[in-house]
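Single-letter residue listing:
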Amino acid sequence: LACAPADALWLMRTVVDFALPQETYAPHSIRTEGHLTLGGLFPVHSRGADGAPCGDLKKENGIQRLEAMMYALDQINLDELLLPNITLGARVLDTCSRDTYALEQSLTFVQALITKDTSDVRCTNGEAPVFVKPEKVVGVVGASASSVSIMVANILRLFQIPQVSYASTAPELSDDRRYDFFSRVVPPDSFQAQAMVDIIRALGWTYVSTVASEGSYGEKGVEAFTQLSKEAGGICIAQSLKIPHNPKLEDYDKAVQQLLETQHARAVVIFASEEDIRGVLNSTKRANQVGHFLWIGSDSWGPKSSPIHQLEDVAVGAVTILPKRSSIEGFDEYFTGLTLENNRRNVWFAEFWEENFDCRLLSASKREDTSRKCTGKERIGTESKYEQEGKVQFVIDAVYAVAHALHSMQRDLCPDHPGVCPQMETAEGKTLLKYIRNASFNGSAGTSVVFNKNGDAPGRYDLFQFQLTNSSTPEYKVVGHWVENLQIRELQWPDGEQEVPISVCSLPCKTGERKKRVKGMPCCWHCELCDGYQYQYDETSCRLCAYNMRPNPNRTACQPIPIVKLEWHSAWAIISVFLAMLGIIATIFVMATFVRHNDTPIVRASGRELSYVLLTGIFLCYIITFLMIAKPDVAVCAFRRIFLGLGMCISYAALLTKTNRIYRIFEQGKQTVTAPRFISPTSQIAITSSLICVQLLGVLVWFAVDPPNTIVDYDEQKAVNPLLARGVLKCDITDLQIICSLGYSILLMVTCTIYAIKTRDVPEDFNEAKPIGFTMYTTCIVWLAFIPIFFGTAQSAEKLYIQTTTLTISMNLSASVALGMLYMPKVYIIIFHPEMNVQKRKRSFKAVVTAATMSSRLSQKPSERPNGEAKTELCENPAADPMSKNKERNLFKKRGKSSF
């Protein structure tokens, strides 16, 4: 604006804000001349405090990136092949790391596009003022922070000015409908978030927290990470914290305390500005939690030293990410060669010089913490530390992207015109945007620079870790890469941990345990043991093993339950077998003795036929022990069914026949001298056989209805502890069937006992009634003890052993009682007193009956008898009456022999 000085102030007040001269908005800016002008937005200063727009100078993110743009413009202007006959100028502004301030500054870029009505503007002398037309900005390189880029993009799109960012990575900016004039040479955070998810999964972390700076970059970055982690599965967000704008110290301390509430979530994903990163690290140190958190930093952290300056101990082990880059050697030479004399175009360079060398240039300098004066001869990288900032490559690539687009547009619109032609000057921003999106070239690091339909660059990242080196000085080390897939090397961790630290809500369950997930937190669970006969089917469920299976020791699968049977070497079996062996030997000995002395009076008087039958039954009672202990198979089970009740049946059938014969003889003898029927040996054998056939018939019916078979009973020894479970191999015979098989024999035994009781008063000189009676009484006691033991142990884990042992011992004892009481006295006489084994006079049936009658009367009380009867009976001596003897002999001859 050219006008009289007196009129300047009046004019400034009368023009609307959008028409204000550029100096009003950008009193401090870089401006270089060129045929075409590119705008630049850089965070030269940090965000101001206490209402101030700007804060401290940012040497790396601000000055280095700004100089990278100037370096790129110099290289382009010197290149004869790129934009020949065209030079590029620049208008670079400071955003002060604040979106609202950046918006005000960016109005400078649109002044040339605003049409102003100045018809009513006059100088004091009445002449029309002459306005200096501001330069037209064809494109803007920047901004850095995503929140700043979003704010600026909203106004640039109104004036169709293309924008190419070198550092803004918020996924929101990929929305081509809202930010259609925005492009970037760095990949969006959706790729960065995917890389972070892959890192966390590779490290085995499932429970992480997130920290974000308020604004698009932080919030959208965390949002993308959260969404991708849900899609990937296996990652849970413990806490998602947000650092507000203009945070106070208390805000950082509160955030750290909230992170500590979930102690197991050691991993912290942080999408935040440098200032917020420093604030969180500082609070962590104040909370004395150095080494507790495992930081995963976004590209705003990257390999920068400024966020961790003097906080290195807190940052050790941090894994950070940065779009893949290379150090640009040409820029290093350019930047380290800058001095106060050769870099007067950068209005902030003097401030940088003071900050970098810790000195003062002028007495008016704002630095009050040093009295050292700058000489101007200091050199960057020599008197000060220098390391190329991570985004320098992308600043250069952003500038070149616009340059290549302008080159292609000039070639198409001005084919025959060197330099900028009228068509190019009047071209709309949409035309340049089309050429930017179609640009494809090798960038400053040799990698290709391309844009997708949304203006995003492909995802290529380097992974860094802040590690302790051999010199004990921590520094960033490249530990991997991400280009669609993760490649990561071995990492180092705080406090010298060798293993990867854990960051999980719940520790993995042990084998055999299932996860019971906490509602709403799929990464948190309680471990529950698959108890009983369950095994771990998968990580969240248990299943019951089949009835014949049990879980293996670690409960990961089922295995067959071991099958057992009563073994010969078992203590349970040894007792029964020992008794059976003794019994068999004794039975064979008795039988052999009887066979050898078959015609002696004692053997004949015992009833040889029934004696041999009875000895056979006793022998079978002993033999059943071996069948009960033998390994069950079809043959063994069949023999068990046959011989289980047969031995007892034979024994008690013979005894019943004997006692019944004795009973019938003496009962009938009380009424008549006529002998009862069926008392001959043949008849006795026939009666005994008939009784035995009933048992055999029952067994045959049993065979027909239920053929013998073996089973494995898994319920009998199914203990609470599956490791103690056993399957019992046994015959398919139930307890009830056993009792039924023995029931007939028990019936014979009871009947025999009744007859033994009825014949208890028969004189022992005449028969075996009393020994048979004692045998049956003892046998009944044995079996009365057997019944409760047998059924009382039906639910015992040792059922097989107890019941088998009880049954076999009961049968052995029954046989032994019969053998001992009925045969051992006779064998004793036969062997040791053969003189007693001689023929005595035979008594007639009448004499036997008379003796029985006398015995019956003698058993009555004297008071119940007629006077003198007892004396007469006691004095009777049948042997003194010869006539009586002769009568008895004649009667005996007529009615046959009757020996007992």
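Naming follows an unreviewed UniProt entry, where the chain appears as G-protein coupled receptors family 3 profile domain-containing protein of Gasterosteus aculeatus aculeatus. Listed in UniProt under the heading Subcellular location (unreviewed entry), the comment for the chain reads: "Cell membrane".

Along its length, the chain carries 27 helices and 27 strands. Across the 900 residues in the chain, those meeting the buried criterion constitute 51%. Restricting the contact set of the chain to residue pairs at least 6 apart, pairs at least 24 apart contribute 68%. Summing over all exposed atoms, the chain offers an accessible surface of approximately 42900 Å²; the carbon and sulfur share of this is 55%.

In this structure's numbering, the residues bearing the UniProt feature "transmembrane region" (unreviewed entry) are residues 571–592, 612–630, 642–663, 736–757, 769–791 and 811–833. Annotated as residues 612–630, this span is 95% helix and 0% strand, and its ends, taken at the C-alpha atoms, are 27 Å apart. Counting secondary structure, residues 642–663 comes out at 100% helix and 0% strand; the distance between its end C-alpha atoms is 31 Å.

Moving on, we get to the packing of aromatic side chains. Aromatic ring pairs are reported here in terms of the distance separating the ring centres and the angle at which the planes meet. Applying the stated criterion across every chain, the model contains 21 aromatic pairs. Ring centres 5.2 Å apart and planes at 40° place the aromatic pair Tyr 828 and Phe 832 in the tilted group. Residue Tyr 828 and its partner Phe 832 are both found in helix 24 (residues 824–832); the two are separated by four residues, about one turn of the helix. Judged by relative accessible area, which is 56%, Phe 832 ranks as exposed. Over the ring of Tyr 533 we find Lys 718; its NZ or CZ atom is 5.0 Å from the centre of that ring.

A separate point is helix 6 (residues 189–202). Each full turn of the α-helix corresponds to 3.6 residues, which orients residues three or four apart in the same direction. Look at helix 6: 19 Å from first C-alpha to last across 14 residues, which is about the 20 Å you get at 1.5 Å a residue. If you check which residues of helix 6 are buried, you get Asp 189, Gln 192, Ala 193, Ala 195, Met 196, Val 197, Asp 198, Ile 199 and Ile 200. Two residues or fewer after helix 6 comes Gly 204, characterised by a positive phi angle close to 75°.

Turning our eyes to something else, we now look at the environment of Gly 40. For Gly 40, the position within the fold is in strand 2 (residues 36–42). Take Gly 40: its relative accessible area is 0%, and that puts it in the buried class. For the pair Gly 40 and Gly 139, spaced 99 residues apart in sequence, the C-alpha to C-alpha distance is 8.7 Å. When residues no more than four places from it in sequence are discounted, the contact partners of Gly 40 are Met 69, Arg 91, Val 92, Leu 93, Phe 109 and Val 141.

Okay, the sheet that holds strand 12 (residues 294–297) next. Spatial strand order, 10-9-11-12-13-16-17-18: eight strands in an open sheet with mixed pairing. Either end of the sheet is taken by a strand with one partner, and the two such strands are strand 10 (236–243) and strand 18 (485–488). When strand polarity is set aside, the average angle formed by the axes of neighbouring strands in this sheet is 25°. As judged from the two bridges shared by strand 12 and strand 13 (residues 319–323), these two strands associate in the parallel manner. In the strand pairing of strand 13, Gly 297 is matched with Thr 320.

Across the junction of Gly 142 and Ala 143, the peptide omega takes the value 0°, indicating a cis bond. Take Ala 143: it is sitting in the loop between strand 6 (137–141) and helix 5 (146–156). For Cys 96, which is not glycine, the phi dihedral falls at a positive 55°. With respect to the element layout, Cys 96 can be found in the loop between strand 5 (88–94) and helix 4 (99–106). According to the relative accessible area criterion, Cys 96 is buried, its value standing at 0%. Despite not being glycine, Glu 484 has its phi angle at roughly 70°, a positive value. Secondary-structure assignment places Glu 484 in the loop between strand 17 (475–483) and strand 18.

We now examine the state of the cysteines. For the coordinates displayed, the defined rule picks out nine disulfides. The partner cysteine of Cys 414 in its disulfide is Cys 421, sulfur to sulfur 1.6 Å. When the S-S torsion is -60°, as for the bridge of Cys 414 with Cys 421, the disulfide is left-handed.

Within the largest apolar cluster, 66 residues are counted, with the highest numbers of intra-cluster contacts made by Leu 38, Met 69, Leu 88 and Leu 406. Those elements that provide at least two residues to this core are strand 2, helix 3 (59–78), strand 5, strand 6, helix 11 (329–336), helix 12 (349–357), helix 13 (392–413) and helix 15 (429–437). A total of 13 residues in this core trace back to one element, the largest contributor, which is helix 13. Aside from chain neighbours lying at most four places away, what touches Leu 88 is Glu 33, Gly 34, Leu 36, Leu 38, Leu 73, Ile 76, Asn 77, Leu 83, Ala 403 and Leu 406. In this structure, Leu 627, Cys 649, Ala 818 and Tyr 823 belong to the second largest nonpolar core, which totals 55 residues.

Before going further, it helps to spend a moment on the confidence of the model for the chain. Scored by pLDDT, the chain has a mean of 83; 86% of the residues are at 70 or more. Residue range residues 1–26 is modelled with pLDDT below 50. Its contacts to residues more than four positions away, or to other chains, number 45 contacts. Of the regions scoring below 50 in pLDDT, residues 856–900 engages in 33 contacts with residues more than four places distant in sequence or in other chains.

What follows is about the pairing of strand 22 (residues 541–544). With four bridges connecting them, strand 21 (residues 534–538) and strand 22 associate as antiparallel partners. Paired with Asp 538 across the two strands is Ser 541, which belongs to strand 22. Linking strand 21 back to strand 22 in an antiparallel pair, the connection comprises two residues.

The next thing to look at is the sheet that holds strand 8 (residues 182–184). With mixed pairing, six strands are arranged side by side in an open sheet as 1-5-2-6-7-8. Looking at the sheet topology across the chains shown, the edges are occupied by strand 1 (30–32) and strand 8. Each adjacent strand pair in this sheet contributes to an overall mean axis angle of 20°, direction not counted. In this structure, strand 6 lies alongside strand 7 (residues 163–165), joined through two bridges in parallel fashion. In the sheet register, Val 140 faces strand 7, and the bridge partner there is Gln 163. With respect to the sheet, helix 3 is in contact with strand 1, strand 2, strand 5 and strand 6, its orientation differing from that of strand 5 by roughly 175°. Relative to strand 2, helix 13 is tilted by about 155°, and along the sheet it contacts strand 2, strand 5, strand 6 and strand 7.

Under the definition given, this model contains 25 salt bridges. The shortest N-O distance in the salt bridge between Asp 299 and Lys 391 comes to 3.9 Å. With a gap of 92 residues between them, Asp 299 in the loop between strand 12 and helix 10 (312–315) and Lys 391 in the loop between helix 12 and helix 13 connect regions that are remote in the sequence. Assigned by exposure class, Asp 299 and Lys 391 land together as buried. Across the salt bridge formed by Glu 539 and Arg 517, the nearest N and O atoms sit 3.0 Å from each other.

Attention shifts here to a nonpolar patch on the surface. Together, Phe 589, Tyr 828, Ile 831 and Phe 832 line one region of the surface with nonpolar side chains, adding up to about 430 Å² of accessible area. At three residues, helix 24 tops the list of elements feeding residues into the nonpolar patch. As for its placement among the helices and strands, Phe 589 is situated in helix 16 (residues 571–596).

Quick look at the packing of helix 18 (residues 608–629) against helix 23 (residues 799–822) now. Interaxial distance between helix 18 and helix 23 falls to 9 Å at its minimum, and their mutual angle equals 160°. Between helix 18 and helix 23, the interaxial angle falls into the category roughly antiparallel. As for the relative orientation of helix 18 and helix 23, their crossing is left-handed in sense. For the pair helix 18 and helix 23, the contacting residues are Leu 614, Leu 615, Ile 618, Cys 621, Tyr 622, Ile 624, Thr 625 and Met 628 in the first and Thr 804, Leu 807, Thr 808, Met 811, Asn 812, Ala 815, Ser 816, Ala 818, Leu 819 and Leu 822 in the second. Here the contact of helix 18 with helix 23 is composed, by residue class, of 13 nonpolar, five polar and no charged.

Quick notes on the rules
Residues numbered from 1 in each chain as written. Predicted model: local features only at pLDDT ≥ 70, side-chain atom pairs only at ≥ 80, totals over all residues. Heavy atoms only, no water. UniProt positions renumbered as here; feature names shortened; annotations may be inferred. Helix = DSSP H or I, 4+ residues; strand = E, 2+ residues; numbered from the N terminus. Buried < 20%, exposed > 50% of the residue type's maximum accessible area, 1.4 Å probe, protein only. Contact = heavy atoms within 4.5 Å. Areas by Shrake-Rupley, 256 points an atom, 1.4 Å probe, with all protein chains shown as cover. Phe/Tyr/Trp six-rings, centres within 6.5 Å; stacked < 30°, edge-to-face > 60°. Lys NZ or Arg CZ within 6 Å of the ring centre and 35° of its normal. Expected span 1.5 Å × (residues − 1). Pairing = 2+ DSSP bridges. Axes fitted to C-alpha atoms, helices over the stretch in contact; angles between N-to-C directions. Disulfide = S-S within 2.5 Å. Core = buried A, V, L, I, M, F, W, Y, C linked by side-chain atoms within 4.5 Å. pLDDT = per-residue confidence, 0-100. Salt bridge = Lys/Arg side-chain N within 4 Å of Asp/Glu carboxyl O. Patch = residues over 30% accessible without salt bridge, like charges linked within 9 Å, V, L, I, M, F, W, Y side chains within 5 Å. Parallel < 35°, antiparallel > 145°, perpendicular 65-115°, else oblique. Left-handed = near helix turned anticlockwise from the far one by under 90°. Nonpolar A, V, L, I, M, F, W, Y, C, P; charged D, E, K, R; others polar.

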